[in-house]
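Architecture and fold: a report
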Amino acid sequence: MDMFVVRGGKPLVGRVAVSGAKNAALPIMAATLLADGSSRLAGVPDLVDVATLAELLRSLGVHVERTNADGMELSVVDTKPWVADYELVRRMRAGVCVLGPLLASRGRACVSLPGGCNIGHRPIDVHLKGLAALGADIRIENGYVIATATQLQGADIYLGGPFGSTVTGTCNVLSAAVLANGVTTIEAAACEPEVVDLGNLLIKMGARIEGLGTPFLRIEGVASLAGVEHTIIRDRIEAATLMIAAALTRGRVELEGVCLHHMTAVVEKLREIGVVLERCDNGAIAAGENRLVASDCIALPYPGIPTDIQAQLMALLCCADGLSIVTDKVFPDRFMHAPELVRLGARIRRESASAIINGVDRLSGACVMASDLRASAALVLASLAAEGDSVVRRIYHLDRGYERLDDKLRQLGADIRRVRDAPENMPGTLHSEILSDQLVDTDDVQPISGPNWHRAASRTPRQLS
Ligand code: EPZ
């Protein structure tokens, strides 16, 4: 298991390329199950989740091959497999993206129900409601969804859930409807750019889709789809993360390839907080030249502020003058990063469905524990701004969704090293209650959560013997 050792206080300066979007690549890879012939993708990020999905698709009869650093070729070679293995779906919730394409292309799909998740309850009831509306027979048995349909029929579907639209639910139902008989309408469809990118791929394959990027989609089913070439959009979540890194370290970073029109709400909010954001050739420049000021942030479905940058925004607001309130309307409990930020000297407390952040002049290095993909990014950002040494453990979470983030940060001047999680690699400057002559197995040491985590700062490090 690896950890990051970070010495904070170094301004990030320079130019870095934004990778392809994880949350577009995953449903797009799954959609190749629908096509005859091979598809060649560009802009496929080198991520653990992408590798896991590639493994899952191979188990489902798809030949998947990396053609170069960001290229991938996928072609269906066997249409008999129809069971998506628990071991693989367990590791990556987005494995559920194969459900719709499998059902539409093979008439049946057996996909493990995704397991638990540190960011909150993540049911797939709306996915199943949409597929049932298309005429699928849906059963839940032994932790698996078993969906069958001799021929899907177009239908009028409402896909709104209790927390608004569903991103992968829209991907699943859209990917099934394109091969259904007749016309399907989807109301309360997700409008995220990643869903639009999937829709654009399907149209290239021969699908007939109207309304992409709006909550109302109309799909006219076709008999078959053909493999295509497609370049995946850049990752707006990675871009926002790097913008915040530039601001927190009072640096100046040019982000090559970022699409600012995919992140209008984020740009608006960052500018309100005091981050300098300017367009430039083929990207944008982010700089931390002004004092940061408090701001209230509410994470919402697109085009609102994405829940996937809520943790990173919280890290930024920890260093902003004044009181900020952060609320997440998509995953209301997505605050596992808060107590770990408190360990870095932040002043945060939970108040019903929100977190209240009282900005501090400086953060101080500490040993912290990642709990999920975006929480780990927030802890890395805060460590970059903190005075002294920090250690971020369990960075396997980060590797699921960020392509070589430590390399990119080092390229910009950060003092960050990836090392094995072992006592000898713990900086001597760090006192941590888990630092002893042997590190506690990280699987046993849970991040602090629950109502008292704002008192985490009261935990005093055990004096080193
Ligand atoms: C996608 O997850 C993203 N993952 C998530 O990114 C992202 O946080 C999320 O959308 C919201 O934008 C991928 O695209 C692979 P949802 P998804 O279905 O589709 C509720 C990351 O860090 N809901 O849009 O699983 C659900 O509980 C990841 O990259 C139902 O109630 O999220 C949540 O509260 C984390 N029933 C809300 O809707 C359902 O059937 C939005 O979930 C489906 C969802």
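Residues numbered from 1 in each chain as written. Predicted model: local features only at pLDDT ≥ 70, side-chain atom pairs only at ≥ 80, totals over all residues. Heavy atoms only, no water.

1. Thoughts on the sheet that holds strand 21 (residues 323-328)
With mixed pairing, the four strands of this open sheet are ordered in space as 20-21-23-22. A single partner strand is all that each edge strand has here, and the edge strands are strand 20 (297-299) and strand 22 (347-351). Across this sheet, the average inter-strand angle for adjacent strands is 20 degrees, counted without regard to direction. (Pairing = 2+ DSSP bridges. Helix = DSSP H or I, 4+ residues; strand = E, 2+ residues; numbered from the N terminus. Axes fitted to C-alpha atoms, helices over the stretch in contact; angles between N-to-C directions.)

2. Some points on the domain arrangement of the protein
Domain boundaries assigned for the protein yield domain 1 (2-19 + 234-464) and domain 2 (22-231). Relative placement of domain 1 and domain 2: their C-alpha centres are 31 Å apart. Taken together, the contact between domain 1 and domain 2 spans 24 residues of the former and 19 residues of the latter. Together, the buried faces of domain 1 and domain 2 total about 1800 Å²; carbon and sulfur atoms form 53% of this surface. The largest contributions to the domain 1 side of the interface with domain 2 come from Tyr-302, Phe-331 and Arg-400, which together make up 31% of the buried area. Scanning the region where domain 1 abuts domain 2 turns up three salt bridges. Between the two partners, domain 1 and domain 2, sit eight residue pairs in polar contact (both at pLDDT 80 or more). At the level of secondary structure, the elements contributing two or more residues to the side of domain 1 that touches domain 2 comprise helix 12 (373-385) and helix 13 (396-401). The class makeup of the residues in the side of domain 1 that touches domain 2 is eight nonpolar, four polar and twelve charged. (Domains from an automatic or database assignment. Contact = heavy atoms within 4.5 Å. Buried area = accessible area lost by both parts, 1.4 Å probe. Salt bridge = Lys/Arg side-chain N within 4 Å of Asp/Glu carboxyl O. Polar contact = N/O pair within 3.5 Å; in protein donor to acceptor, adjacent residues only side chain to side chain. Nonpolar A, V, L, I, M, F, W, Y, C, P; charged D, E, K, R; others polar.)

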